[in-house]
Amino acid sequence: MKQGQAVTTYAKVLLTQAETPEAVTQAQTTFQNCPQLLDALSNPTIPEREKFAVIDRLFPASLRTFLKVVCRNGQIDSIAEIFSEYIRLARQERQCAHAVLEYVTPLTAAQLAAMKQVVCAKTGKTEAELELRKNDELEGGFVLHIGDDTYDRSVRGIARYMRRRLIRR
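Definitions and cut-offs
Residues numbered from 1 in each chain as written. Predicted model: local features only at pLDDT ≥ 70, side-chain atom pairs only at ≥ 80, totals over all residues. Heavy atoms only, no water. Helix = DSSP H or I, 4+ residues; strand = E, 2+ residues; numbered from the N terminus. Rg over C-alpha atoms; globule rule 2.2 N^0.38 Å. Contact = heavy atoms within 4.5 Å. Areas by Shrake-Rupley, 256 points an atom, 1.4 Å probe, with all protein chains shown as cover. Lys, Arg positive; Asp, Glu negative; His and termini not counted. Charge placed at Lys NZ, Arg CZ, Asp CG, Glu CD. Buried < 20%, exposed > 50% of the residue type's maximum accessible area, 1.4 Å probe, protein only. Core = buried A, V, L, I, M, F, W, Y, C linked by side-chain atoms within 4.5 Å. Patch = residues over 30% accessible without salt bridge, like charges linked within 9 Å, V, L, I, M, F, W, Y side chains within 5 Å. Salt bridge = Lys/Arg side-chain N within 4 Å of Asp/Glu carboxyl O. Phe/Tyr/Trp six-rings, centres within 6.5 Å; stacked < 30°, edge-to-face > 60°.

Regarding the overall build of the chain
Point 1. Tallying secondary structure elements over the chain gives eight helices and four strands in all.
Point 2. Since a compact globule built from 169 residues should have a radius of gyration of about 15 Å, the 20 Å found for the chain marks it as more spread out than a globular shape.
Point 3. Along the longest, intermediate and shortest principal axes, the C-alpha atoms of the chain span 70 × 35 × 30 Å.
Point 4. For the chain, the proportion of contacts with a sequence separation of at least 24, taken over those separated by at least 6, is 62%.
Point 5. In the form shown here, the chain has an accessible surface area of approximately 10600 Å², with 52% of it arising from carbon and sulfur atoms.
Point 6. Distance from the positive charge centre (24 side chains) to the negative charge centre (20 side chains) of the chain: 6 Å.

Quick notes on unusual backbone geometry
Point 1. Located in the positive-phi region is Gln-95, a residue other than glycine, with phi close to 60°.
Point 2. You can see Gln-95 is positioned in the loop between α6 (79-93) and β1 (96-103).
Point 3. Residue class for Gln-95 comes out partly exposed when judged on its relative accessible area of 37%.
Point 4. Notably, Glu-139 is not glycine yet its phi reads approximately 70°, a positive angle.
Point 5. Note on placement: Glu-139 falls in the loop between β2 (127-134) and β3 (141-146).

Quick notes on the nonpolar core
Point 1. Counting residues in hydrophobic clusters, the biggest one holds 26 residues, and the most contacted among them are Phe-31, Phe-66, Leu-67, Ile-79 and Phe-83.
Point 2. Secondary structure elements with two or more residues in this core: α1 (3-16), α2 (21-33), α3 (35-42), α4 (48-58), α5 (61-72) and α6.
Point 3. Element by element, the count of residues in this core is highest for α6, at six residues.
Point 4. Among the nonpolar cores identified, the runner-up in size contains ten residues, and Ala-97, Ala-99, Cys-120 and Leu-130 belong to it.

Here we look at a positive patch on the surface
Point 1. Judged by side-chain charge, Arg-160, Arg-163, Arg-164, Arg-165 and Arg-168 come together as a positively charged surface patch.
Point 2. Note that Arg-168 resides in helix α8 (residues 155-168).
Point 3. Take Arg-168: its relative accessible area is 62%, and that puts it in the exposed class.

A look at a nonpolar patch on the surface
Point 1. Taken together, the side chains of Ile-158, Tyr-161 and Met-162 make up a nonpolar region of the molecular surface, amounting to roughly 320 Å² of accessible area.
Point 2. Mapped onto the secondary structure, Tyr-161 falls in helix α8.
Point 3. On the basis of relative accessible area, Tyr-161 is assigned to the partly exposed category, the value being 47%.

Describing the side chain of Asn-135
Point 1. Within the element layout of this structure, Asn-135 appears in the loop between β2 and β3.
Point 2. Take Asn-135: its relative accessible area is 14%, and that puts it in the buried class.
Point 3. In this view, Asn-135 contacts Glu-102, Tyr-103 and Val-104; residues no more than four positions away in its chain are not counted.

Describing the packing of aromatic side chains
Point 1. Counted by the stated rule, this structure contains three aromatic pairs.
Point 2. Seen in terms of ring centroids, Tyr-10 and Phe-66 are 6.1 Å apart; in terms of plane orientation they differ by 85°. Their pairing is edge-to-face. Residue Tyr-10 is found in helix α1, and its partner Phe-66 is found in helix α5; the two are separated by 56 residues along the sequence.
Point 3. Note on Phe-31 and Phe-59: the rings are 5.1 Å apart at their centroids and 25° apart in plane angle, and the pair reads as stacked. In this pair, Phe-31 is assigned in helix α2 and Phe-59 in the loop between α4 and α5, connecting sequence segments 28 residues apart.
Point 4. Judged by its relative accessible area of 9%, Phe-31 is buried.
Point 5. One aromatic cluster in this structure is built from Phe-31, Phe-59 and Phe-83.

Have a look at this one:
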């Protein structure tokens, strides 16, 4: 089985096990915050029982068996991709769109709700999740990324647009 197929297969298994997105997010964060953990779990010189003991100590009970299987099959180094694919499939199943919102000043709850409505309208989905990223280089405003589309309403973007218009004249 090719690497991409394995990632998708594991993600689908995780989805069919009705794991909560919160448990997956928690595990994802654990791996991101401790890169040495991934090195240890993928190290062939460390006995499996020691790897499994670490999994039992660090991860939610609902994910332990899954992580042990992935580890046993030598695929733990792909866990980030597996979790990302799981999140993508879970969103797809819920008819939920994903967008990235870059901002300088945090948005209010009303502004975030309005952004989600825009994302839903643009994608035709019934729900939207926003991935928020602070970006001081924008100088103000925001940039919204929905799939391959970008809506730049930042001070930096407006200045760039004005410069291009002036150069054309």
